[in-house]
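Structural overview for review
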Amino acid sequence: MGKLIEPERLKVLAQSHYEAHKAVIKPLGKQQKRNLDDLVQQWDAELFEEIDCLECGNCCRTLGPRIIDTDIRRLAKHLKMKDSEVVETYLRIDEDGDYVFKFMPCPFLMDDNFCMVYEKRPRACRDYPHTHQPKFYKRMKVSLKNTFTCPVVYHIFRRLAEET
Ligand code: SF4
Ligand code: SF4
């Protein structure tokens, strides 16, 4: 069976395992933090071999990435627009005072799940779901939320709950 999980089913599964997943978040020693990073990065690589983002696209449909000034400049250049036009056309300020897309699904997401601005996509889009990056222990709470959106993160928490 493939690892990709249809979004509605992922929400149900993430909810049903929520307490078990939450329980893996606990204080860790230095070596445990390093071991955790090794495990999570290895699983991230394995899972992204099996899960094709082009068959999923759930983050682009449901999460609003934080857009920073350098993202706006890069998008404006790419779209041959002024920075202010990008802001006016695509962005709004959220409750934390950050720029996010005005509408979700993302205005740059195409029907086939390709990103129209892929080479110039915002930093937050490049980094999501952050499971390839070090210091996973610092992002465990937000990653727990991501189990409801990203099948890769869900599988990582499943493995952490079962194997550690
Ligand atoms: S900019 Fe591209 S990668 Fe980012 S949310 Fe939109 S479609 Fe997805
Ligand atoms: S990063 Fe996760 S949620 Fe986003 S498209 Fe890829 S598998 Fe789906």
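In this text the structure is predicted, and so the values were computed from the model without any measurement.

Helices and strands together make up the secondary structure of the protein chain, namely 9 helices and 2 strands. In the protein chain, the succession of helices and strands from N to C terminus is α-α-α-α-α-α-β-β-α-α-α. By the compact-globule yardstick of 15 Å for 164 residues, the protein chain fits well, its C-alpha radius of gyration being 17 Å. In terms of its C-alpha atoms, the protein chain occupies a principal-axis envelope of roughly 50 × 35 × 30 Å. Across the 164 residues in the protein chain, those meeting the buried criterion constitute 26%.

Remark: helix α5 (residues 69-79) packs on helix α6 (residues 83-90), axes separated minimally by 8 Å, with the N-to-C direction vectors making an angle of 100°. Classed by the angle they form, the pair α5 and α6 counts as roughly perpendicular. For the pair formed by α5 and α6, the contact residues are Ile-72, Arg-73, Leu-75, Ala-76 and Leu-79 on the first element and Asp-83, Val-86 and Val-87 on the second. In the contact of α5 with α6, the residues fall into 6 nonpolar, no polar and 2 charged.

Here we take up the site of ligand 1. Contacts to ligand 1 come from Cys-60, Pro-65, Cys-106, Phe-108, Leu-109, Cys-115, Val-117, Arg-121, Pro-122 and Cys-125. Looking at the shell around ligand 1 residue by residue, the class counts come to 9 nonpolar, no polar and 1 charged.

Let us now look at the environment of Gln-133. Examined against the element boundaries, Gln-133 turns out to sit in the loop between α7 (123-127) and α8 (140-146). Along the primary structure Gln-133 and Leu-39 are separated by 94 residues, whereas in three dimensions their C-alpha atoms are 11 Å apart.

In the region of ligand 2, the neighbouring residues are Ile-51, Cys-53, Cys-56, Gly-57, Asn-58, Cys-59, Tyr-128, Pro-129, Thr-149, Cys-150, Pro-151 and Val-152. Of all the secondary structure elements, the ones that give two or more residues to the shell around ligand 2 are α4 (58-62) and α9 (151-163). Here the shell around ligand 2 is built from residues that sort into 9 nonpolar, 3 polar and no charged.

Moving on to the domain arrangement of the protein chain. When cut into domains, the protein chain gives domain 1 (7-60 + 129-163) and domain 2 (64-113). Using C-alpha coordinates to define each centre, domain 1 is positioned 27 Å away from domain 2.

With respect to the element layout, Lys-33 can be found in helix α3 (residues 30-50). The exposure class assigned to Lys-33 is partly exposed, which follows from the 16 C-beta atoms found within 10 Å. The spatial distance from the C-alpha of Lys-33 to the C-alpha of Lys-135 is 7.3 Å, given a sequence separation of 102 residues.

What counts as what
Residues numbered from 1 in each chain as written. Chains lettered and ligands numbered in written order. Predicted model: local features only at pLDDT ≥ 70, side-chain atom pairs only at ≥ 80, totals over all residues. Helix = DSSP H or I, 4+ residues; strand = E, 2+ residues; numbered from the N terminus. Rg over C-alpha atoms; globule rule 2.2 N^0.38 Å. Buried ≥ 20, exposed ≤ 12 C-beta atoms within 10 Å, placed from the backbone. Axes fitted to C-alpha atoms, helices over the stretch in contact; angles between N-to-C directions. Parallel < 35°, antiparallel > 145°, perpendicular 65-115°, else oblique. Contact = placed C-beta atoms within 7 Å. Nonpolar A, V, L, I, M, F, W, Y, C, P; charged D, E, K, R; others polar. Near = placed C-beta within 6 Å. Domains from an automatic or database assignment.

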